[in-house]
Amino acid sequence: MSILDQINKENDIKNIEMSDMPALAEEIRQFLITNVAKTGGHLASNLGAVEITMALHLCLNMPKDKIVFDVGHQSYTHKILTGRKDDFYKLRQFGGISGFPKTCESPCDAFNTGHSSTSISAALGLAEARDLNGGDERICAVIGDGSMTGGMVFEALDQLSELKSGCLIVLNDNEMSISENVGGLSSSLSKFRVGKPYNELKVNVESALLDIPSLGDKVAKGIKKSKDSIKNLLVPGTIFGDMGITYVGPIDGHDVETMKDIFEDAFKLKRPVIVHVKTIKGKGYGIAERYPQHFHGLGPFDPKSGKALNPKSGSTYTDVFATKLISLGAKKKNIVAITAAMALGTGIRPFQKAYPNRTFDVGIAEQHALTFAAGLASGGMIPIVAIYSSFLQRGYDQLLHDICLQRLHVVIMIDRSGIVGEDGETHMGIYDTAYLRSIPNLTVIAPRGARDLEEAMEYAINAEGPVAIKYPKGKAYTGLDDKSFQYLKGKSEVINFSSQIGEVKTKSLAIIGVGSMVSTGVEVRDRLKEEIGYEPQLINLRFINPLDEDRIRETADQFDFIAVMEESVRRGSIGEAVGYNLALCNSKAKLLHYCIPTEVVQHGSVSRLKESMGLDSDSIYNDIINRIKI
């Protein structure tokens, strides 16, 4: 029996001998590589966090005690140690376990996460709730060094230093060049500083000195000042020390026993402690160690070669954006690009290589990215800010207040708009239509395909004021690339006019497709034409804001039914806007609305999720046939 076979529920790891921990870590890594190779997922980050998670589980009593994983994509080992290893065959699949912590999945998942820089705030809230309720549970946040660039982290640390709640923060550092600080001296110093004898001695000495009349206070302060000066020379934790938070490390993040001892002592202090651990992203899988960014998040792959089993064919929307951005940058020297730690994922990387002085990676700081762009625009530049839809949500105020109210010429490229898939509810780009339409002065475009995206970028670069362009993840649609329509602000395009073949008698139908759903509209149109001899009119809405209300009302006058297809939640959707316009003009046309029927969409492939919500072409076709009675 393998060591991992002995772990079937939470806290089982405590029955494993400490001498077997390195072997268990190796078994977990092989388990992760084997299973993620089949399903896809986040690999490198999980391989690097194996020992950290093991050490924490040796200290904690699950589910009473709480771990909050920042972002959460590194929680696979936690799931394995809490009785879910048999469910990994359906990791991130429809109906299977999530790739992120989910409170509905297990009581051992203390808090749902998916975006970065939130863990310390959440852990602090849990710690304060514990104190107010008179509890004694241990609270821990695990956060990566990349997430430390997020502004929420420093807001949380500021409060943490003020409230002095007992809370452990494990800083998982897999990027900074501080490996020389990992070793016996650092580990010994760390153990000493959180150990009971040292802290009792420190308290007793300070208390005794303060009891000395007149001089005691001055002597105590002098000793403390000298002690802190020496400490800061030895340990690079000045910023945390200045905030009143005990800093420990850096220590070896792949040494379970050392971390377990330090975590135990830190928990006993009943005050904020940051333990800085140094890890290797992709640890134990050579190719992932060499190319950690590639193995951060990926689809199914061959574990021997590391190559994708289903390599992409054709350009993605991100590829189209990246290529067009290079072309535009060559023509206009005042174009600059901004990314929030996603240069590769958003397609900024090629521009960064071609124009390094005109590219800015601000780290995980979307709010700053947008206001920084506003400043650049005020200075005469044309900033192109590329951000995933789910992460743009963080910058709503900056988009409204700093960019749009001033009508600044900033172009926001919104990648991963619509149904994203396996990453689940925290990464879905299904809310952007609703929140972007509420922002004044913002032009919002949803291109139907590859060429339309290129033309939208040309329009945005030469427009006045802020422009947002949203497009989905995945292969770019090229089915209508032979068609080119002039871009006029707020104007849609009629892809084909309605026609009736032979003796077919039917009620009239117009289809309004929004962005990625135009291609679905094409499939429905073609099937209606082939199977019943009726070709509905198909319209590419193109502009989400301003809306082409003239076209909507004209269509309402001409057709009995208007079908709106979009990858957006119903509330705040284009369908709602069309329905509002139909009501205003007292139209008798009936609205058929195909959208996201719920505000929360779980993980699964895009095709499977669309089927489950009736957004695939077959479901829409059948619904139209049944409702219109063709």
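This text follows the structure it describes.
Residues numbered from 1 in each chain as written. Predicted model: local features only at pLDDT ≥ 70, side-chain atom pairs only at ≥ 80, totals over all residues. Heavy atoms only, no water.

Caption draft 1: Up close: unusual backbone geometry. For the peptide bond that leads from Gly249 to Pro250, omega is 5°, which places it in the cis range. A cis amide bond links Asn545 to the next residue, Pro546, at an omega of -5°. Looking at the element boundaries, Pro546 is found in the loop between β17 (543-545) and α22 (549-558). Unlike most non-glycine residues, Asn11 shows phi in positive territory, near 75°. On the secondary structure map, Asn11 appears in the segment before α1 (21-39). Residue class for Asn11 comes out buried when judged on its relative accessible area of 18%. Even without being a glycine, Lys270 presents a positive backbone phi close to 60°. Structurally, Lys270 can be placed in the loop between α11 (256-268) and β5 (272-278). Accessibility expressed as a relative area gives 61% for Lys270, which makes it exposed. (Helix = DSSP H or I, 4+ residues; strand = E, 2+ residues; numbered from the N terminus. Buried < 20%, exposed > 50% of the residue type's maximum accessible area, 1.4 Å probe, protein only.)

Caption draft 2: Fine view of the packing of helix α3 (residues 50-59) against α11. Between α3 and α11, whose axes approach to 8 Å, the crossing angle comes to 45°. Classified by the angle their axes make, α3 and α11 are oblique. The interaxial crossing formed by α3 with α11 has right-handed handedness. Taking contact as the criterion, the partners of Glu51, Ile52, Met54, Ala55, Leu56, Leu58 and Cys59 in α3 are, on α11, Val256, Met259, Lys260, Phe263, Glu264 and Phe267. In terms of residue class, the contact of α3 with α11 is made up of 10 nonpolar, no polar and 3 charged. (Axes fitted to C-alpha atoms, helices over the stretch in contact; angles between N-to-C directions. Parallel < 35°, antiparallel > 145°, perpendicular 65-115°, else oblique. Left-handed = near helix turned anticlockwise from the far one by under 90°. Contact = heavy atoms within 4.5 Å. Nonpolar A, V, L, I, M, F, W, Y, C, P; charged D, E, K, R; others polar.)

Caption draft 3: Looking closely at the sheet that holds strand β10 (residues 443-445). One open sheet accounts for 7 strands, arranged β7-β6-β8-β9-β11-β10-β17; its pairing is mixed. Each of the sheet's edge strands pairs with one partner strand only, and the pair in question is β7 (359-361) and β17. Here the average twist between neighbouring strands, direction ignored, is 20°. The sheet contact formed by strand β8 (residues 382-388) and strand β9 (residues 411-415) spans 5 bridges and is parallel. The partner of Val385 across the bridge, within β9, is Ile412. The strands that helix α13 (residues 317-331) touches are β6 (335-339), β8 and β9; relative to β6, the one it contacts most, it runs at about 145°. Contacts between helix α16 (residues 366-378) and the sheet are confined to β6, β7, β8 and β9, with β8 contributing the most and set at about 165° to the helix. (Pairing = 2+ DSSP bridges.)

Caption draft 4: How the structure looks around the packing of aromatic side chains. As enumerated under the stated definition, the model contains 14 aromatic pairs in all. Taking the centre distance of 5.8 Å and the plane angle of 85° together, the rings of Phe295 and Phe301 count as edge-to-face. We classify Phe295 as buried; its relative accessible area is 1%. Here Tyr396 and Tyr435 contribute two aromatic rings whose centre-to-centre distance is 6.2 Å and whose plane-to-plane angle is 75°, an arrangement assigned as edge-to-face. Taken together, the residues span a long stretch of sequence, with Tyr396 in helix α18 (residues 396-404) and Tyr435 in helix α19 (residues 432-436) at a distance of 39 residues. Look at Tyr396 and you get partly exposed, because its relative accessible area is 30%. If you follow Arg358 out to its NZ or CZ, it ends over the ring of Tyr355, 4.3 Å from the centre. Positioned over the ring face of Phe94 is Arg608, at 4.1 Å from the centre of the ring. (Phe/Tyr/Trp six-rings, centres within 6.5 Å; stacked < 30°, edge-to-face > 60°. Lys NZ or Arg CZ within 6 Å of the ring centre and 35° of its normal.)

Caption draft 5: Spotlight on the sheet that holds strand β4 (residues 246-252). The strand order across the open sheet built from 5 strands is β1-β2-β3-β5-β4, with neighbouring strands paired in parallel fashion. At either end of the open sheet lies a strand with only one pairing partner, and these are β1 (66-69) and β4. Taking each pair of neighbouring strands and ignoring which way they run, the sheet shows an average axis angle of 20°. Looking at chain direction, strand β2 (residues 139-144) and strand β3 (residues 167-173) are connected through 5 bridges and run parallel. By the bridge assignment, Cys140 is partnered in β3 with Leu168. Its contacts with the sheet put helix α6 (residues 151-163) on β2, β3 and β5, and the angle it makes with β3 is roughly 145°.

Caption draft 6: Spotlight on the pairing of strand β18 (residues 561-569). Most of β18 sits inside the fold, with 9 of its 9 residues counted as buried. Direction of pairing for strand β14 (residues 509-513) relative to β18: parallel, over a ladder of 5 bridges. Bridge pairing in β18 places Ile512 opposite Val564. As defined by bridge partners, β18 adjoins strand β19 (residues 590-596) across 6 bridges and the pair is classed as parallel.

Caption draft 7: Main features of helix α21 (residues 517-532). The end-to-end C-alpha distance of α21 is 22 Å, a good match for the 22 Å that 16 residues give at a rise of 1.5 Å each. A positive phi of about 80° marks Gly533, the residue just after α21. (Expected span 1.5 Å × (residues − 1).)

Caption draft 8: The pattern of salt bridges, seen in detail. For the structure on display, the rule yields 29 salt bridges. For Glu425, the salt bridge goes to Lys102, with nearest N and O atoms at 3.6 Å. Taken together, the residues Glu425 in the loop between β9 and α19 and Lys102 in the loop between α4 (76-84) and α5 (119-133) connect sequence positions 323 residues apart. The exposure class of Glu425 is partly exposed, given its relative accessible area of 21%. Judged by its relative accessible area of 4%, Lys102 falls in the buried class. Within this structure, Lys79, Arg84, Glu105 and Asp109 form a network of salt bridges that share partners. (Salt bridge = Lys/Arg side-chain N within 4 Å of Asp/Glu carboxyl O.)

Caption draft 9: Spatial organisation of the nonpolar core. Residues Leu43, Met54, Leu56, Leu168, Phe263 and Val275 are the most contacted members of the largest nonpolar core, which totals 57 residues. Of all the elements, α1 adds the most residues to this core, at 9 residues. If we skip the residues at most four places from it in the chain, Phe263 touches Ile52, Ala55, Leu56, Cys59, Leu168, Val170 and Val275. Tyr388, Val410, Ile414 and Ala446 belong to the second-largest nonpolar core, a separate cluster that totals 46 residues. (Core = buried A, V, L, I, M, F, W, Y, C linked by side-chain atoms within 4.5 Å.)

Caption draft 10: Up close: the environment of Gly249. With respect to the secondary-structure elements, Gly249 resides in strand β4. Judged by relative accessible area, which is 5%, Gly249 ranks as buried. In this structure, the C-alpha to C-alpha distance between Gly249 and Ile274, residues 25 residues apart in sequence, is 8.4 Å.

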